[in-house]
Amino acid sequence: MSEDVFREVDEEVRREQLQKLWERYQYYVIAAVIALLLGVGGWRGYDWYVTKQAAETGAAFEEAMLLSERGEHADSESAFAKIAAEGTAGYRSLARLRQAAELAERDPRTAIAAYERIAGDSSVGPVLQDLAGLRAGSLLIDAANFDIARARLEPLASPGRTFRHTARELLALGAWRSGDTTAAKRWFDLIMTDGETPPATRNRIEMLIALVAAESKS
């Protein structure tokens, strides 16, 4: 019987202590709960907004691609320029590259400058920088500016660079087109002796080697 009484007293004391604690800290607890709810709600709202923006940018990117496929390069260029300026982070750098590609259809010189700006922008990442440099070099070769193209492409042809095989192929082609057979043969040898050279690249270089040999006999 006495144990029951002591137990009831203990429970009453605990209830009084909890009541006092609640009266003292209730507003802090309520504030913390409200802050937690607002934080969760804000995070969900932000996540929804980011997802919505990414979906809209993705749809705009696809539409710009369709414009390009239809040959509407000026409209496609404008669409990619808008994405590059206003789109989500994941699409902005890609849109800059695509904008330069559309620009190359009508103004290669300006496109080269656009690619060079991307190649020099570390914020886009080394892979896209190298890709932009590669495209600039290709356009420079088409414009018969091989000396400038070589300065742009040779660093990209170094071992370990992502697009080294394409850069070497462009250097070989550019050297041959500019009449520098010594440089062309040097690149031929490097490409053909590199065990990592892709088969398609190797086949094209073999055809170019045969063409150079035929020209030397004529």
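Residue numbers here run from 1 along each chain, matching the order of that chain's written sequence. In keeping with the model being predicted, local features are shown solely for residues with a pLDDT of at least 70 and side-chain atom pairs are shown and tallied solely at 80 or more, while totals for entire chains, interfaces and linings include all residues. Excluding hydrogens and water, the side-chain values take into account all heavy atoms of the structure.

**Here we look at the overall build of the chain**
Along the chain, the regular secondary structure elements total nine helices and zero strands. Beginning at the N terminus, the succession of helices and strands in the chain can be written as α-α-α-α-α-α-α-α-α. Counting all 218 residues of the chain, 31% fall into the buried class. Accessible surface computed for the chain: about 13,900 Å², of which carbon and sulfur atoms make up 58%. Only runs of H or I of at least four residues qualify as helices and only runs of E of at least two qualify as strands under DSSP, and these elements are numbered from the N terminus. Think of it in three bands: residues with accessible area under 20% of the maximum for their type are buried, residues over 50% are exposed, and the middle band is partly exposed, with areas taken using a 1.4 Å probe on protein chains only. Using the Shrake-Rupley algorithm and a 1.4 Å probe, accessible areas are obtained, with residue cover drawn only from the displayed protein chains.

**Considerations on the layout of surface pockets**
Detection works on a 1 Å grid of protein atoms alone, calling trapped sets that fit a 1.4 Å probe cavities and calling open sets with protein on both sides within 12 Å along at least five of seven lines pockets, with lining residues defined by an atom within 4 Å of a point. Grid points are joined across faces, edges and corners, and a volume is the space filled by probe spheres set on the points. By volume, the largest pocket is sized at about 200 Å³. Classes in brief: Ala, Val, Leu, Ile, Met, Phe, Trp, Tyr, Cys and Pro nonpolar; Asp, Glu, Lys and Arg charged; the others, Gly included, polar. Within the lining of the largest pocket, the residues separate by chemical class into three nonpolar, four polar and three charged.

**Points about helix α6 (residues 146–153)**
For α6, every residue scored as buried is listed here: Phe-146, Ala-149 and Leu-153. The buried side chains of α6 occupy one side of the element, clustering within an arc of 60 degrees when seen end-on. Those residues of α6 that are exposed and angled more than 90 degrees off the buried face are Asp-147, Ile-148 and Ala-151. Any two residues having at least one pair of non-hydrogen atoms within 4.5 Å are treated as being in contact. Taken together, the buried residues of α6 touch α5 (126–142) and α7 (164–177). The directions considered for the arc run from the helix axis to the C-beta atoms.

**Points about the environment of Leu-208**
Tracing the backbone shows Leu-208 in helix α9 (residues 199–217). For Leu-208 and Ala-172, which are 36 residues apart along the polypeptide, the C-alpha to C-alpha distance reads 8.9 Å. If near-sequence neighbours (up to four positions away) are discounted, Leu-208 is found in contact with Ala-172, Leu-173, Trp-176 and Phe-188.

**Focus on the packing of α7 against α9**
Put simply, α7 and α9 touch, their axes get as near as 11 Å, and they point 15 degrees apart. Regarding the angle of α7 to α9, the classification is roughly parallel. Pair α7 / α9 crosses with left-handed handedness. For the pair α7 and α9, the contacting residues are His-165, Glu-169, Ala-172, Leu-173 and Trp-176 in the first and Thr-201, Arg-204, Ile-205, Leu-208, Leu-211, Val-212 and Glu-215 in the second. Here the residues of the contact of α7 with α9 are counted per class, giving seven nonpolar, two polar and three charged. In this analysis, axes come from line fits to C-alpha atoms, helices being fitted only over the stretch in contact, and the angle between any two N-to-C directions falls in the range 0 to 180 degrees. Convention used here: angles under 35 degrees read as roughly parallel, angles over 145 as roughly antiparallel, angles from 65 to 115 as roughly perpendicular, and any remaining angle as oblique. Put simply, a crossing is left-handed when the front helix is turned counterclockwise from the back one by less than a right angle, and right-handed when it is turned clockwise.

**Things to note about unusual backbone geometry**
Backbone geometry at Ala-144 places phi at a positive 65 degrees, although glycine is not the residue there. Along the chain, the position of Ala-144 falls in the loop between α5 and α6. Given the relative accessible area of 67%, Ala-144 is considered exposed.

**Details of the packing of α5 against α7**
Taken N-terminus to C-terminus, the directions of α5 and α7 make an angle of 15 degrees; their axes are 10 Å apart at the nearest point. It follows from the interaxial angle that α5 and α7 lie roughly parallel. Relative to α7, α5 is oriented so that their crossing is left-handed. The residues of α7 that touch α5, namely those facing Leu-134, Ser-138, Ile-141 and Asp-142, are Thr-166, Ala-167, Leu-170, Gly-174 and Arg-177. Taken together, the residues that form the contact of α5 with α7 break down as four nonpolar, three polar and two charged.

**Quick notes on the nonpolar core**
Throughout, nonpolar core names a set of buried Ala, Val, Leu, Ile, Met, Phe, Trp, Tyr and Cys residues whose side chains join them through atoms within 4.5 Å. In terms of nonpolar packing, the biggest core is built from 37 residues, with Tyr-115, Leu-153 and Phe-188 touching the most fellow members. Of all elements in the fold, only α3 (89–104), α4 (108–119), α5, α6, α7, α8 (181–193) and α9 reach the threshold of two or more residues within this core. In terms of residues, this core owes the most to one element, α5, which gives seven residues. The next biggest cluster of nonpolar side chains, apart from the first, holds six residues, and it includes Ala-64, Phe-80, Ala-84 and Ala-95.

Everything listed here is a matter of geometry and, on its own, says nothing about what the molecule does.
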